[in-house]
Amino acid sequence: MINILFVCLGNICRSPVAEGVFRDLVGKRGLQEKIKCDSAGTSSYHIGDQPDRRMCQIARQRGLQLTHCARKLSGDDFYQFDYILAMDEANFEDIRNISYRSSGFYFPEGQLYLYREFDHLANGDLTVPDPYYEDIAAFDEVYDIVERCGHNFLDFLVEKHQLHT
Ligand code: 4NP
């Protein structure tokens, strides 16, 4: 089993939709017994909350129901997960620092990525933009980005771990 963790700041907008979209893609390729995923936030702001209603609305329009319950990234996660995908640079640095503080080691390079490293349209901008204080169009854009990244990241895993079905 390959365990994937998506991480943003609040765990109510970007990472839950990244998780939902990715799980859907994994299922469509019949890889649900080989790849599992979850999401978490670097902050405590929204622990226990459902995904942001605007993110849910956009996902629903695309045929996807988001059901995650927000939680904070924990020291245990660095042992449970094989890959961690950060939504932006601040998340990336926070993940590194939290891993060092809680586990005494930096989560290994090659297992920690900016998710947009997998976006072939990123054009040098490797941030999944935080939509929280933006209008609904920003949530639409986040969905498009995580969908592109999801396809490419899944291709990467299939190739690297020889998961061809
Ligand atoms: P997320 O968005 O990190 O994509 O879940 C945010 C959610 C909440 C806050 C910031 C970003 N906040 O400041 O409460």
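Here, the structure is the one placed above.
Here the structure is a predicted model, which is why all the values come from computation and not from measurement.

(A) Highlighting helix α2 (residues 53-61). Among the residues of α2, Arg 54, Met 55, Cys 56, Ile 58 and Ala 59 are the ones counted as buried. On the buried face of α2, the contacting elements are α1 (14-28) and α5 (136-160).

(B) Geometry of the nonpolar core. Counting residues in each nonpolar core, the largest one holds 40 residues, and the members touching the most others are Ile 4, Phe 6, Phe 22, Ile 35, Leu 85, Tyr 115 and Phe 153. Within the residue set of this core, elements represented by two or more residues are β1 (2-8), α1, β2 (35-41), α2, β3 (83-86) and α5. Among the elements that line this core, the one with the most residues is α5, at ten residues. Other than its neighbours up to four places away in sequence, Ile 4 contacts Phe 22, Ile 35, Lys 36, Cys 37, Asp 38, Phe 81, Tyr 83, Leu 85, Phe 153 and Leu 157. Of all hydrophobic cores here, the second largest spans 13 residues; its members include Leu 5, Phe 78, Ala 86 and Ile 98.

(C) Broad picture of the packing of aromatic side chains. Applying the stated criterion to the full structure yields 15 aromatic pairs. Seen from their ring centres, Tyr 132 and Tyr 133 are 4.9 Å apart, and the 80° between their planes marks the pair as edge-to-face. A network of ring pairs unites the aromatic residues Phe 6, Phe 22, Tyr 83, Tyr 113, Tyr 115, Phe 118, Phe 153 and Phe 156 as a single cluster. Directly above the ring of Tyr 106 sits Arg 96, whose terminal nitrogen or CZ lies 4.3 Å from the centroid.

(D) Focus on the pattern of salt bridges. All told, the structure shown has 13 salt bridges when counted by the stated rule. Between Arg 71 and Asp 77 there is a salt bridge; the shortest N-O distance is 2.9 Å. Where Arg 116 meets Asp 125, a salt bridge forms, and the shortest distance between an N and an O atom there is 4.0 Å. Judged by its relative accessible area of 6%, Arg 116 is buried. Judged by relative accessible area, which is 40%, Asp 125 ranks as partly exposed. One network of salt bridges, with partners in common, ties together Arg 62, Asp 140, Asp 144 and Glu 147.

Thresholds applied
Starting afresh in each chain, residues are numbered from 1 along the sequence in its written order. Given that the model is predicted, a residue must reach a pLDDT of at least 70 before its local features are reported, and side-chain atom pairs must reach 80 or more before they are shown or counted; all residues, however, enter totals for whole chains, interfaces and linings. Side-chain metrics in this entry use all non-hydrogen atoms of the structure; hydrogen atoms and water are not considered. We call a residue buried when its accessible area falls under 20% of the maximum for its residue type, exposed when it is over 50%, and partly exposed in between, using a 1.4 Å probe and counting protein chains only. A helix here means a DSSP run of H or I that spans at least four residues, while a strand means a run of E at least two residues long, and both kinds are numbered starting from the N terminus. In what follows, a contact means two residues having at least one pair of non-hydrogen atoms within 4.5 Å. The definition of a nonpolar core used throughout is a set of buried Ala, Val, Leu, Ile, Met, Phe, Trp, Tyr and Cys residues joined through side-chain atoms within 4.5 Å. Planes of paired rings set the category: under 30 degrees apart is stacked, over 60 is edge-to-face and the rest tilted, where pairs are Phe, Tyr or Trp rings (Trp by its six-membered ring) whose centres lie within 6.5 Å. Over a ring means this: the NZ of a Lys or the CZ of an Arg is within 6 Å of the ring centre and within 35 degrees of the ring normal. Take a side-chain nitrogen of Lys or Arg and a carboxyl oxygen of Asp or Glu: if they are within 4 Å of each other, that pair is a salt bridge.

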